[in-house]
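Close look at the chain arrangement
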Amino acid sequence: MSKYKWRDLVDINSKTRSHLSALSCIAHIDANAFFAQVEQIRCHYTKDDPVVCVQWSSIIAVSYAARKYGITRMDSIGDALKKCDKLVPIHTAVFRKGEDFWQYHDGCGSWVDDEDKKLTPENFKVSLDPYRRESRKILKVFNEWCDVVEKASVDEVFLDLGRCCFSMLMFDESVHSFNEIRRVFKEGEYDLDLYLPPVPRNLDIQFDGNVYNPEKRSLFEDWDDVIFCLASILTNRIRSNIEEVLGYTTSCGIARTKSISKLASNFKKPAAQTIIKNSCIEDFLDNEKFEITSFWSMGGITGQELSQLLNLPKEKTIKYIRDSWPTTSDELKGFIDTKLREMGKDRDKYHTIDETQTQAIADKLFQLVRGEYRLSVNAKPMVKSMMSNKNLRGNSCKNFKDCIAWLEVFSGELDGRIRELEQEYNRLFIPKTIAISVRGHKFQKHAKSSSLMFTGSHIHSKDFLEAGSRLTQELDMKFGKDSGYYPLTNLNMSISNFEILEKGKTIVDMFGRQAQVTKKVEPGNFSSVESVTAENKESLFLCQPCDLSFSSEEQLREHADYHYALKLSESLNGANEDSKNLSYGERRLLFSKRKRPACSSSKNDSKRVKSTPQSDIYKFFK
DNA sequence: TACTCACAG
DNA sequence: GGCTGTGAGTA
């Protein structure tokens, strides 16, 4: 007999409840030394070349090949060259002061002898655009395979694999072990409150990756292990797909919660995956000397203060918490409350801990140490704002004219990032407000903002430059005569309040004359753009992979199911093998009927291609 | 709404 | 360590 009920199994097929199910299955996938990998691939090096990504004279990402020489992110480029004379330092792309496009200057950097080829913060601004682009490409692949994807940062994602695993278990005809449970499910001969049948013996499936199993437990103790096994097969396929098509290696962790899966993906690197069985979670947390500060969001002051407050021992803090408060979080809450009260006048030492929130803190901690803290996997909303920022050194911004030169850079960067979004979503992004902020030696911050007129359907860098210059001039007139205003130490431009419109249509075409558009973003890659006008109300539900729109959420969900079916049959019935020789574009056409995005027409692209003609990193967009 | 702080990569 | 980004809390 299983310890899980039918309800637990059926729930993982629900987008909204899966993360709460006892059979939940989450993956965290992380691109290894991402910036270094991007540069390695762009410049046609191999994984064995000791590539590092450089910004001025600091190393911001170290490839695994370079780590073998003991090089770390803390090393200056000079230190690193001492450790490895074969080092391949590659500088990030940069904007030149006064220009509105970025470029790679391969062969240039702080480490070269030629003075003319030195890249310095006085005259350049780093561009992270190439990494954001590659990140989006990777994200697209995840979205093709999985219905719930959360982009956690530029180089990591969470996947809720509930539906995927459920489908593999119930509908994959090539695996015979599950015929009986499938029959019962399909005939409807089950009750949600009944326990599942025992896991069949001699399963014809195998884990992909490393199962964390120090106690040598049976690999398939119950259905959770079956789910995780299917998940491991799937994530391996997804990761292989990403490596085949884009070249990136990734690390993956599979577990029942986000926090455990994140620890797991970090456990073995690079290019590995680690599965934490539910029955091994406590072993994992205890054996691998994790502390509460190891958990996400606990890495800073909050974790420190919490550790102190609870008088946690240095070693085995997680086990200590579990053993000290074994049954409920209530006693833990009581303990925290008492401690805070005892603190009395020293209370402000723990300013991070809010005494009205002790129940929530206790609950979270109680669950975290048991691998039971269940956060849902949420797609992040598209964008709220965008900033282009420059810390200025020395005299690189000593008057109004210098400001304008940097504003050129900011305008170009923001414009490029908007173009990217427009390509990705096939929508127009129109920011309605713009802000300029400055910092100097003698003052913390002066800022000005204004609304952006939107003239016609296109906004480009000139509009930002114009509006930004005006604001900067106002600041200059107001404070510029003050001694200590110049040279500025920081200058930035930000845009916000985006209107998101269908391409080729004006807001009036879409929604009528007195339309006011409000944006709503649905979780997942299926977003809805909702328009509210005085008279009519209309919703569009968009399937990003296909760029099809639907008039109801129901239709969209139905359509989405079609995607999973295709992907899963591809994955499990060997279609993957058959299509191995096809190009990515052909594969995508085959499986998702998706049009390739048009070749990017941004200024950045043409410049970039010119400067590095050998690069084929963006070939999939051609 | 704007600003600061905490946190992360 | 420099840089970018997000969310929570606060005035």
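Residues numbered from 1 in each chain as written. Chains lettered and ligands numbered in written order. Predicted model: local features only at pLDDT ≥ 70, side-chain atom pairs only at ≥ 80, totals over all residues. Heavy atoms only, no water.

Moving on to the pairing of strand S13 (residues 385-391). Residues in a regular strand project their side chains so that they alternate between the two faces of the sheet. Residues of S13 alternate between two faces, with Met 386, Ser 388 and Lys 390 buried on one and Ser 385, Met 387, Asn 389 and Asn 391 left unburied on the opposite face. Here seven bridges tie S13 to strand S16 (residues 488-502), and the two strands are oriented antiparallel to one another. Along S16, the bridge assignment pairs Lys 390 with Leu 491. (Buried < 20%, exposed > 50% of the residue type's maximum accessible area, 1.4 Å probe, protein only. Helix = DSSP H or I, 4+ residues; strand = E, 2+ residues; numbered from the N terminus. Pairing = 2+ DSSP bridges.)

Attention now moves to the protein's contact with DNA strand C. In the vicinity of DNA strand C lie 15 residues, with Arg 73, Lys 125, Asn 389, Asn 391 and Arg 417 positioned nearest. A breakdown of the atoms of DNA strand C within 4 Å of the protein gives sugar and phosphate a share of 72%. Within the side chain of Arg 132, an N or O atom sits 3.0 Å from a phosphate oxygen of DNA strand C. At 3.1 Å from a phosphate oxygen of DNA strand C is found a side-chain nitrogen or oxygen belonging to Lys 384. Examining the composition of the surface near DNA strand C, we find that three residues originate from one element, S13, more than from any other. Tallied by class, the residues present in the surface near DNA strand C amount to five nonpolar, three polar and seven charged. (Near = heavy atom within 4 Å. Polar contact = N/O pair within 3.5 Å; in protein donor to acceptor, adjacent residues only side chain to side chain. Nonpolar A, V, L, I, M, F, W, Y, C, P; charged D, E, K, R; others polar.)

Looking now at the pattern of salt bridges. Evaluated as defined, the whole model comprises 34 salt bridges. For Arg 132, the salt bridge goes to Glu 413, with nearest N and O atoms at 3.5 Å. With Arg 132 in helix H5 (residues 129-145) and Glu 413 in helix H15 (residues 400-425), this pair connects stretches of sequence that are 281 residues apart. With a relative accessible area of 4%, Glu 413 lands in the buried category. Between Lys 277 and Asp 225 there is a salt bridge, and its shortest N-O distance comes to 2.9 Å. Of the two residues, Lys 277 sits in the loop between strand S12 (273-275) and helix H10 (281-287) while Asp 225 sits in helix H8 (residues 223-246), which places them 52 residues apart along the sequence. (Salt bridge = Lys/Arg side-chain N within 4 Å of Asp/Glu carboxyl O.)

Remark on secondary structure: sheet strands pair via backbone hydrogen bonds, oriented parallel or antiparallel. Taken together, the six strands give an open sheet; going across it, the order is S8-S9-S1-S11-S12-S10, and neighbouring strands pair in mixed fashion. Both edges of this open sheet fall to strand S8 (149-153) and strand S10 (210-211), since each of them pairs with a single strand only. In the sheet, S10 pairs with S12 via two bridges, with the strands oriented parallel. The residue of S12 that forms the bridge with Val 211 is Ile 275. Seen against the sheet, helix H9 (residues 258-265) touches strand S1 (26-31), S8, strand S9 (156-160), strand S11 (250-255) and S12 and runs at an angle of roughly 140° to S11. (Contact = heavy atoms within 4.5 Å. Axes fitted to C-alpha atoms, helices over the stretch in contact; angles between N-to-C directions.)

Residue Pro 270 is bonded to the preceding Lys 269 through a cis peptide linkage, with omega at -10°. For Pro 270, the location among the structural elements is in the loop between H9 and S12. For the peptide bond that leads from Tyr 486 to Pro 487, omega is -5°, which places it in the cis range. Positionally, Pro 487 belongs in the loop between helix H16 (461-479) and S16. In the Ramachandran plot, Trp 56 falls in the positive-phi region, its phi being about 55° despite a non-glycine side chain. Inspection of the secondary structure puts Trp 56 in the loop between strand S2 (51-55) and strand S3 (58-62). The class of Trp 56 is buried, set by a relative accessible area of 12%. At Asn 497, a residue that is not glycine, the phi angle is positive and equals roughly 60°. Mapped onto the fold, Asn 497 is located in strand S16. When its relative accessible area of 42% is taken as the criterion, Asn 497 is described as partly exposed.

By the definition in use, this model includes 20 aromatic pairs. On the numbers, 5.4 Å between centres and 85° between planes, the contact of Phe 166 with Phe 185 is edge-to-face. Of this pair, Phe 166 sits in helix H6 (residues 162-171) while Phe 185 sits in helix H7 (residues 179-187), and the two are 19 residues apart along the sequence. Comparing Phe 166 with Phe 185 shows no difference in burial state: the two are buried. Ring plane angle 20° and centroid distance 6.3 Å describe the contact between Phe 479 and Tyr 485, whose orientation is recorded as stacked. We note that Phe 479, like Tyr 485, is buried. (Phe/Tyr/Trp six-rings, centres within 6.5 Å; stacked < 30°, edge-to-face > 60°.)

Our focus in this paragraph is the protein's contact with DNA strand B. The full set close to DNA strand B counts 13 residues, and Lys 262, Ser 297, Gly 299, Ile 301 and Thr 302 are the nearest of them. Near the protein, meaning within 4 Å, the atoms of DNA strand B are sugar or phosphate in a fraction of 100%, with bases accounting for the rest. The separation between a sugar or linking oxygen of DNA strand B and a polar side-chain atom of Asp 155 is 3.2 Å. Contacts to DNA strand B include Lys 262, whose side-chain N or O atom sits 2.5 Å from a phosphate oxygen. A breakdown of the residues in the surface near DNA strand B according to their chemical character gives three nonpolar, six polar and four charged.

All right, on to the nonpolar core then. The biggest cluster of nonpolar side chains holds 103 residues, and the ones touching the most others in it are Leu 9, Leu 159, Leu 488 and Leu 491. Split by domain, the residues of this core number at least three in each of domain 1 (6-31 + 133-278) and domain 3 (385-510). Those residues in contact with Leu 488 that sit more than four places away from it in its chain are Leu 392, Cys 397, Cys 403, Val 438, Arg 439 and Phe 443. Counting 32 residues, the second largest nonpolar core, distinct from the first, contains Ile 276, Leu 306, Leu 310 and Ile 336. (Core = buried A, V, L, I, M, F, W, Y, C linked by side-chain atoms within 4.5 Å. Domains from an automatic or database assignment.)

With that settled, the discussion passes to the side chain of His 105. Along the chain, His 105 falls in the loop between strand S6 (102-103) and strand S7 (124-127). Assessed through its relative accessible area of 16%, His 105 is described here as buried. Residues in contact with His 105, not counting those within four places in the same chain, are Val 94, Arg 96, Leu 119 and Phe 124.

A contiguous patch of negative charge on the surface is contributed by Asp 113, Asp 114, Glu 115 and Asp 116. Locating Asp 114 in the fold gives a position in the loop between S6 and S7. According to the relative accessible area criterion, Asp 114 is partly exposed, its value standing at 38%. (Patch = residues over 30% accessible without salt bridge, like charges linked within 9 Å, V, L, I, M, F, W, Y side chains within 5 Å. Areas by Shrake-Rupley, 256 points an atom, 1.4 Å probe, with all protein chains shown as cover. Lys, Arg positive; Asp, Glu negative; His and termini not counted. Charge placed at Lys NZ, Arg CZ, Asp CG, Glu CD.)

Next up on the list: the sheet that holds strand S14 (residues 427-440). Spatially, four strands are ordered S13-S16-S14-S15 in an open sheet, and the strand pairing comes out antiparallel. The strands lining the two open edges of the sheet, one partner per strand, are S13 and strand S15 (446-451). Geometrically, the sheet is characterised by an average inter-axis angle of 20° between neighbouring strands, direction not taken into account. Sitting on the sheet, H15 is in contact with S13, S14 and S16, with an inclination near 30° to S16. The sheet strands contacting H16 are S14, S15 and S16, and the helix crosses S14 at an angle near 25°.

Further remarks concern the packing of H5 against H15. One can describe the packing of H5 onto H15 by two numbers: an axis separation of 11 Å at closest approach and a directional angle of 10°. Classed by the angle they form, the pair H5 and H15 counts as roughly parallel. Here Asp 129, Arg 132, Arg 133, Arg 136 and Lys 140 of H5 lie close against H15, whose contacting residues are Glu 413, Gly 416, Arg 417, Glu 420, Leu 421 and Glu 424. Classifying every residue of the contact of H5 with H15 gives one nonpolar, one polar and nine charged. (Parallel < 35°, antiparallel > 145°, perpendicular 65-115°, else oblique.)

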